[in-house]
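The lines below spell out each chain.
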Amino acid sequence: MANTYKDAKDMYAKFGVDTEKAIQVLDSIPLSMHCWQGDDVGGFETPDAELSGGGIQATGNFPGKARNPDELRADISEAMKYIPGKTRLNLHAIYGEFGGKKADRNQIEYKHFKGWVDWCKSKNMGMDFNPTFFSHPLAADGFTLSSADKSVRQFWVEHGIACRKIAEKMGKELGDTVVTNFWMPDGMKDFPADRLAPRERMADSLDKIFKVPVSKKYNKDSVECKLFGIGSESYVVGSHEFFMGYAVKNKILLTLDSGHFHPTETIADKISSVLLFVPEILLHVSRGVRWDSDHVVLSDDNTMAIMQEIVRTGSLAKVHIGMDFFDASINRIFAWVIGMRAARKSLLCALLDPLALMRNAENAEDYGVRLTLMEEARNLPSSAVWQEYCKRAGKPCGLKMIEGVKKYEQKVLMKR
Ligand code: RNT
Ligand code: ZN
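No experiment lies behind these values; they were computed from the predicted model shown. (Residues numbered from 1 in each chain as written. Chains lettered and ligands numbered in written order. Predicted model: local features only at pLDDT ≥ 70, side-chain atom pairs only at ≥ 80, totals over all residues. Heavy atoms only, no water.)

(A) Molecular detail of the overall build of the protein chain. Scanning the protein chain from N- to C-terminus turns up 14 helices and 10 strands. Computed over the C-alpha atoms, the radius of gyration of the protein chain is 22 Å, within 12% of the 22 Å expected from 2.2 N^0.38 for a compact globule of 416 residues. Dimensions of the protein chain, computed from the C-alpha atoms along their principal axes, are close to 70 × 55 × 40 Å. Counting every position in the protein chain, which comprises 416 residues, the buried fraction comes to 55%. The long-range share in the protein chain, meaning contacts at least 24 apart out of those at least 6 apart in sequence, stands at 81%. When the accessible area of the protein chain is evaluated, it comes to approximately 18600 Å², of which 53% is carbon and sulfur surface. (Helix = DSSP H or I, 4+ residues; strand = E, 2+ residues; numbered from the N terminus. Rg over C-alpha atoms; globule rule 2.2 N^0.38 Å. Buried < 20%, exposed > 50% of the residue type's maximum accessible area, 1.4 Å probe, protein only. Contact = heavy atoms within 4.5 Å. Areas by Shrake-Rupley, 256 points an atom, 1.4 Å probe, with all protein chains shown as cover.)

(B) Summary view of the coordination of the zinc ion (ligand 2). Those protein atoms acting as donors to the zinc ion (ligand 2) are E224 (OE), D257 (OD), H284 (ND1) and D324 (OD), and they sit at 2.1 to 2.2 Å. Bound by 6 donor atoms, the zinc ion (ligand 2) shows angles of 72 to 171 degrees at the metal and therefore octahedral coordination geometry. When the donors of the zinc ion (ligand 2) are listed by position in the chain, the intervening gaps give E-x32-D-x26-H-x39-D. Pair noted here: E224 is in strand β6 (residues 219-224) and D324 is in the loop between β10 (319-323) and α10 (332-351), with a separation of 100 residues, a long-range link. (Donors = N, O, S within 2.8 Å, 3.2 Å for Na, K, Ca; no water. Tetrahedral: all angles 85-135°; square planar, octahedral: opposite > 155°, others 65-115°.)

(C) Local environment of the site of ligand 1. Lining the immediate environment of ligand 1, one finds W36, I56, H92, W183, E224, K226, D257, H260, H284, D292, D324 and F326. Within the side chain of K226, a nitrogen or oxygen atom sits 2.7 Å from an oxygen atom of ligand 1. Residue H260 places a side-chain N or O atom 3.0 Å away from an oxygen atom belonging to ligand 1. With the chains in place, 99% of the 310 Å² that ligand 1 exposes on its own is no longer accessible. Along the lines of polarity and charge, the residues of the shell around ligand 1 split into 4 nonpolar, 3 polar and 5 charged. (Near = heavy atom within 4 Å. Polar contact = N/O pair within 3.5 Å; in protein donor to acceptor, adjacent residues only side chain to side chain. Nonpolar A, V, L, I, M, F, W, Y, C, P; charged D, E, K, R; others polar.)

(D) Local environment of the side chain of R88. Within the secondary structure, R88 sits in strand β2 (residues 87-92). Taking the relative accessible area as the measure of exposure, R88 reaches 13% and is therefore buried. Of the polar contacts made by the side chain of R88, one reaches the side chain of D128; its length is 2.9 Å. Of note is the side chain of R88, whose polar atom sits 3.0 Å from the side chain of D176. Once residues lying within four places of it in the same chain are set aside, the contact partners of R88 are P30, L31, S32, M33, M125, G126, M127, D128, D176, T177 and V178.

(E) Local environment of the nonpolar core. Counting 125 residues, the largest nonpolar core has L91, W116, F129, M170, L283 and I321 as its most contacted members. The element that contributes the greatest number of residues to this core is α10, accounting for 12 residues. Among residues more than four places away in sequence, those in contact with I321 are I29, P30, L31, S32, L283, V285, M307, I310 and L347. (Core = buried A, V, L, I, M, F, W, Y, C linked by side-chain atoms within 4.5 Å.)

(F) Spotlight on the environment of S382. Position of S382 among the secondary structure elements: in helix α13 (residues 382-393). Through-space distance from the C-alpha of S382 to that of Y5 is 9.3 Å; in sequence the pair is 377 residues apart. Dropping the residues within four chain positions of it, S382 is found in contact with Y12, L348, C349 and L352.

(G) Structural context of the packing of aromatic side chains. The tally for this structure, following the rule as stated, stands at 13 aromatic pairs. Judged by centre distance (5.0 Å) and plane angle (85 degrees), the rings of F155 and W156 are edge-to-face. Note on accessibility: F155 and W156 belong to one class, buried. Ring geometry for F210 versus Y246: centroids 6.2 Å apart, planes at 45 degrees, classification tilted. Within this pair, whereas F210 is found in helix α6 (residues 196-210), its partner Y246 is found in helix α7 (residues 240-250), the two being separated by 36 residues in sequence. An identical accessibility class is assigned to F210 and Y246; each is buried. A network of ring pairs unites the aromatic residues F133, F155, W156, F182, F210, F242, F243 and Y246 as a single cluster. Seen from the ring of W116, R73 lies directly overhead, with NZ or CZ sitting 4.7 Å from the centre. The positively charged end of K270 is found above the aromatic ring belonging to F261, 4.5 Å away from the centroid. (Phe/Tyr/Trp six-rings, centres within 6.5 Å; stacked < 30°, edge-to-face > 60°. Lys NZ or Arg CZ within 6 Å of the ring centre and 35° of its normal.)

(H) How the structure looks around unusual backbone geometry. Phi is positive for V41, which is not a glycine, with a value near 60 degrees. Looking at the element boundaries, V41 is found in the loop between β1 (31-34) and α3 (69-80). Phi is positive for D294, close to 55 degrees, though the residue is something other than glycine. Among the structural elements, D294 can be located in the loop between β9 (281-285) and α9 (301-312).

(I) Looking closely at the environment of V157. Residue position: V157 is located in helix α5 (residues 150-174). Residues V157 and S299, spaced 142 residues apart in sequence, show a C-alpha to C-alpha distance of 38 Å. Each residue touching V157, except ones within four places of it in the same chain, is listed here: L145, S205, K208 and I209.

(J) Region of the structure containing the pairing of β9. Counting buried residues in β9 gives 5 out of 5 residues, a clear majority hidden from the surface. Neither face of β9 is left uncovered, since the one carrying I281, L283 and V285 and the one carrying L282 and H284 both have all their residues buried. Here strand β8 (residues 253-257) runs beside β9; their pairing, made up of 4 bridges, is parallel. Directly across from L256, in β9, lies its bridge partner L283. Handedness of the crossover joining β9 and β10 through α9: right-handed. (Pairing = 2+ DSSP bridges. Right-handed = clockwise from strand over helix to strand, strands pointing away.)

Set out below in structure tokens:
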């Protein structure tokens, strides 16, 4: 039988690409898997907690969503059977283990997350974290850190500080750096008469949160900008300019979410600019269909372009790659598996690009050859390299993978 990987390796070598090197680099890059695909961003604060406010929405009612931390961990473990490479777990603050007791957002502590940290340790997974500024009565009017009400702002400032301290302790326990992402839904449905005051208040609240000393060795803060949400169509306090400015001024990370810009605007092109002015970037890889719909990530042109830019700018060490999608209309394990694998597959394709030849052509101003190489690269046998990588990682692909997830669906999900 023909050795398809061997053939692929030879073919890539002719284009100046070392597939072994690509596999090695690929395997060293962590991807952060978001816990919230497992239960439609519900969290575990109360038995029937669910996503509300903030202009984000999960649609669909596929049976079997995780109802408690143990179910969520079981589902993540199942998904991981099919996800090759280093995987981190990205947790939102509403996913703490509160033991049936009320701990309001400004009262959460490390102890609520210790179970997760121990579990991640046992699985050799790093962690990332997010304060949750939505699905709460004090976020119901659409304003949190930029609220005109001082006591509301104070409440959310306390939440932000609590989360940074929890993240720092997580990092210490794991001997790793946690990236803590701040996304606030604050905004207005219709034209505001004052766009400035809420932005001044948001900046002031963030200053209060970030001035509390937290070790950068264990926690890095990132801020996420957005163009619009449902119910905040006309005005989002944390716009791109707001957070780009804030991150540059305060030397913190900027989060770029693929769904948070105008529909024809891609975050791929932003990476090389933003990295000139902020130390590091967090990516929320997502797939917006006509709007910021958070569909499951695929290895489409958009995802490929993002990965290509990370590789081409030589920024693998400065770009933290996280997922942000939540589809409740399909088996949620499939959603994770498809999205995580698609992101890694796209990263592999980027690492397999005949970049040296493309750059030579570009330097010689031979744009015909450059374009030819880009088009030819699409037909090189990246799938054989991907199969080889998954095989070495011991992760089933294709029909075997489908069979495995369907079995879990019957045995576990359908019984919930
Ligand atoms: C919302 C942002 C944010 C959330 C998560 C749950 O538009 O993308 O990142 O999706 O925090
Ligand atoms: Zn996001």
